[in-house]
Amino acid sequence: MRQKRKAIIGKIIFSGPLKACCFIMPVFVVCFSFAQESTNTDHLAFKLHIIDSNAIFSACAVLDVNKDGKLDIASGAWWYEAPTWQRHFIREVEIIRGRPDGYSHLEMDVNRDGWMDLIHVNFRSESIYWLEHPGPEMGTWQKRIVEIPGKMETGRLYDVDGDGQVDVVPSAWEFAAWYELLPGTNATWQRHEIDSAGGGHGSGFGDINGDGRGDFVGTQGWAEAPADPRNEQWIWHPDFDLGRTSMPIIVDDVDGDGDNDLIYSIGHDYGTYWMEQEHQGSWTKHLIDSTWSQGHSPLWADLDKDGRKEFVNGKRYWAHEGRDPGARDPLVIYRYEYNPVNKKFDRYVIQEDGPAGIGLDPKAADLDRDGDLDLVFPGRSGLYWYENLLLD
C-alpha cells in the first residue's frame, strides 16, 4: 500500500510516496533525559527525497558513476542516476542468513583506471572485497576478493600512514588492522596489524596524543601509532571502556582546548556520549542524549557551514529483528552542535518519526552540488536523501 504524504515537522519538509508499513508498529513510551534541547531557532531546513522506499541495503556511496558531472547514489544491487534517480543494476547481492551482504560502500579507484570502484567490508560473509566499475559500457560490476579476515561490522577510509592516500580500516570484532592499496594498477593489497586488543563493536581513528599521527581507537582503549605504522609496533593504552559503540567513534577536539576527544553512540542500546580528554590517560564521560537507541553509524560534518562540525546520528531500523532496546521506537535523526558557552551539545531535529533509518554506511556529501552538505541514509526501511536547504 502506498500513500501520498506531505507535511512539515519542525524544520523538516518531506513529500512523496511512502511505505505505510514503516509506520505501523507498536511504540513503547519511556521517559529519558538528554543533555540539552536547543531553544534556538534552527537556521537549517532539510527536504526529504525518497530515492527508493523498497531498498533493503544497509550501505550507500555517493559518486559520479557515469561521468556526466552529476553525483549518483549506489546502494546494494543498484545505482541511482541523478537527477531523476533512475535505477540501474550493479550486481546480484548475496543474501546471507536473511541479510544482503555489503556492510560498507567505500569509494575508491582501486585499479586506478579512472573509474570509481566500491569497497565492501562485511559481517556475515566475513570478507573484504571490491566491486570493479565496468567502465563506459556500464555493465555488471565484478567482485574482487581482498581477504576473508573475520566478522567486521563495517569499514571506513583513513590515511593511516600519512602518505596522502586513504587506507581501509575495518571495524572488526576480533582483530584490528589496516589495508594499504599498493602502488600500480594490479589492485594489490597489504594488511598491516595494529593490536588485537582493538577488536570489538566499534572503532575510530584520529590523533589522540597530539603527536601528529593518527591513532586507532577501540572500545577498550586506543593504539598509539608509531612513526612507521607499516613496520613498527603500535602501543596499546587501555584507558577506557566505551561499551558496544557506534562505527565510527568520532575523534576531534570537541571543546576547543587543544586535544582531541571522542564522540559516539551506543550501537544497540540507548545513549550518545562524548569522552573529554582531560590530559593524556585521563577521560571524563559526558551524556549528550539518552532518549533514543541504536545509533550505529554517525556522521561528523559541517552542515551549517559555520566552520564547526556537528555530530549527526539517528536510529537504525530493525537491526536485530526487534530484539534491541528501543527497537520499536520511532525513527529519529538529530544533529548535535557543541555549545562552548554552557559546554553542552544543542540538539536539532532532522527527522522525528520519519521513514529513514540510518544503516551501516550513510554519507554526507553535496549531492546536488549547491555548496552545502546533504545527507544520504540507507537501511532496511529504504534509501533516502535529506537535501540541505541552507544555500537554496
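This structure is a prediction, so every number in the text was calculated from the model and none was measured.

### Looking at the packing of aromatic side chains
Across all of its chains, the model carries 14 aromatic pairs by this definition. On the basis of an interplanar angle of 70° and a centroid distance of 5.8 Å, the ring pair of Trp85 and Trp385 is categorised as edge-to-face. With Trp85 in the loop between strand E6 (78–81) and strand E7 (86–89) and Trp385 in strand E32 (residues 383–388), the pair connects residues that are 300 residues apart, well separated along the chain. Both residues of the pair, Trp85 and Trp385, belong to the buried class. With a centroid separation of 5.4 Å and an interplanar angle of 85°, the aromatic rings of Phe240 and Trp283 are classed as edge-to-face. Remark: Trp283 occurs in strand E25 (residues 282–293) and Phe240 occurs in the loop between strand E21 (235–237) and strand E22 (250–252); sequence separation between them is 43 residues. For the pair shown, Phe240 and Trp283 are each scored as buried. Grouping aromatic residues by their ring pairs yields a cluster made of Trp292, Phe311, Tyr334 and Tyr336. The residue whose ring lies beneath Lys67 is Trp115, and the NZ or CZ to ring-centre distance is 4.2 Å. It is Lys143 that lies over the ring of Tyr129; its NZ or CZ is 4.4 Å from the centre.

### Things to note about the sheet that holds E21
With antiparallel pairing, four strands are arranged side by side in an open sheet as E18-E19-E20-E21. Since the sheet does not close on itself, it has two edges, and those belong to strand E18 (204–206) and E21, each with one partner. Sheet twist, expressed as the average angle between the axes of neighbouring strands with direction ignored, equals 25°. By the bridge criterion, three bridges tie E18 to strand E19 (residues 215–217) in an arrangement that is antiparallel. Across the sheet, the residue bridging to Gly204 is Val217, located in E19.

### Here's the deal with the environment of Trp173
When you line up the elements, Trp173 lands in the loop between strand E15 (167–172) and strand E16 (177–181). Relative accessible area serves as the criterion here: at 34%, Trp173 is assigned to the partly exposed category. When the C-alpha positions of Trp173 and Gly199 are compared, they lie 4.7 Å apart, and in sequence the two are 26 residues distant. A polar side-chain atom of Trp173 sits 3.0 Å from a polar atom in the side chain of Glu153.

### Description of the environment of Arg323
Locating Arg323 in the fold gives a position in the loop between strand E27 (310–314) and strand E28 (332–339). Taking relative accessible area as the criterion, Arg323 reaches 63% and is therefore assigned exposed. The spatial distance from the C-alpha of Arg323 to the C-alpha of His268 is 9.3 Å, given a sequence separation of 55 residues.

### Some remarks on the environment of Trp236
With respect to the element layout, Trp236 can be found in strand E21. Setting aside residues no more than four positions away along its own chain, Trp236 makes contact with Asp195, Ala197, Gly198, Gln220, Gly221, Trp222 and Ala223.

### Describing the nonpolar core
If you look at the biggest cluster of nonpolar residues, it comprises 16 residues, and the most contacted ones within it are Met108, Val110, Ile119, Val121, Val168 and Trp189. At the level of secondary structure, the elements contributing two or more residues to this core comprise strand E10 (106–108), strand E11 (117–121), strand E12 (128–132), E15 and E16. The element that contributes the greatest number of residues to this core is E16, accounting for three residues. Here Met108 is in contact with Met116, Asp117, Leu118, Ile119, Leu157, Val166, Val168, Leu181 and Trp189, once residues within four sequence places are set aside. Core analysis: the second largest hydrophobic core is formed by 15 residues, Phe46, Ile333, Ala356 and Ile358 among them.

### Re the sheet that holds strand E26 (residues 299–301)
Strand order across the open sheet formed by four strands is E26-E27-E28-E29, with antiparallel pairing between neighbours. Each of the sheet's edge strands pairs with one partner strand only, and the pair in question is E26 and strand E29 (344–352). Ignoring strand direction, the axes of neighbouring strands in this sheet form an average angle of 25°. Alignment of E28 against E29, held across eight bridges, turns out to be antiparallel. Along E29, the bridge assignment pairs Asn339 with Lys344.

### Some remarks on the pattern of salt bridges
A pair can form between side chains of opposite charge whenever their charged atoms are brought close. Under the defined criterion, the tally for this structure stands at 21 salt bridges. Between Glu193 and Arg191 there is a salt bridge, and its shortest N-O distance comes to 2.6 Å. The partly exposed category is assigned to Glu193, whose relative accessible area is 47%. A relative accessible area of 27% places Arg191 in the partly exposed class. Among the ionic pairs, Glu310 bridges to Arg335, the shortest N-O distance being 3.0 Å. Taken together, the residues span a long stretch of sequence, with Glu310 in strand E27 and Arg335 in strand E28 at a distance of 25 residues.

### What about unusual backbone geometry?
In this chain, Ala82 is followed by Pro83 through a cis amide linkage whose omega measures 5°. Within the element layout of this structure, Pro83 appears in the loop between E6 and E7. Cis geometry is found at the peptide bond from Met247 to Pro248, where omega equals 5°. Considering the arrangement of structural elements, one finds Pro248 in the loop between E21 and E22. Within the chain, Met138 stands out as a residue other than glycine whose phi angle is a positive 55°. Its place among the elements puts Met138 in the loop between E12 and strand E13 (142–147). Despite not being glycine, Glu321 shows a phi value in the positive range, around 55°. Relative to the helices and strands, Glu321 is located in the loop between E27 and E28. Accessibility expressed as a relative area gives 37% for Glu321, which makes it partly exposed.

Each value, and the rule that gives it
- Position numbers for residues count from 1 along each chain, tracking the sequence in the order it is written.
- Where totals are concerned, whole chains, interfaces and linings use all residues; where local detail is concerned, this predicted model gives features only for residues with pLDDT of at least 70, and gives and counts side-chain atom pairs only at 80 or more.
- For side-chain calculations, the full set of non-hydrogen atoms in the structure is used, while hydrogens and water are omitted.
- Under the pairing criterion, centres of Phe, Tyr and Trp rings, with the six-membered ring standing for Trp, must be within 6.5 Å; the plane angle then separates stacked pairs below 30 degrees from edge-to-face pairs above 60, leaving the rest tilted.
- Under the scheme used here, helices are H or I runs from DSSP no shorter than 4 residues and strands are E runs no shorter than 2 residues, and both carry numbers assigned from the N terminus.
- Think of it in three bands: residues with accessible area under 20% of the maximum for their type are buried, residues over 50% are exposed, and the middle band is partly exposed, with areas taken using a 1.4 Å probe on protein chains only.
- For a lysine, the NZ atom is tested; for an arginine, the CZ atom; a charge sits over a ring if that atom is within 6 Å of the ring centre and within 35 degrees of the ring normal.
- Any two strands with at least two DSSP bridges between them are considered paired.
- Note on geometry: axes are lines fitted to C-alpha atoms, helical ones only across the stretch in contact, with angles between N-to-C directions running from 0 to 180 degrees.
- In the analysis that follows, any N or O atom pair within 3.5 Å is treated as a polar contact, provided that within protein one partner can donate a hydrogen and the other can accept it, and provided that, for residues neighboring in sequence, both atoms belong to side chains.
- Only heavy atoms enter the contact rule, under which two residues are in contact if any of them lie within 4.5 Å.
- Residues belong to one nonpolar core when they are buried, are Ala, Val, Leu, Ile, Met, Phe, Trp, Tyr or Cys, and are joined through side-chain atoms within 4.5 Å.
- By convention in these notes, a salt bridge is any Lys or Arg side-chain nitrogen within 4 Å of a carboxyl oxygen on Asp or Glu.

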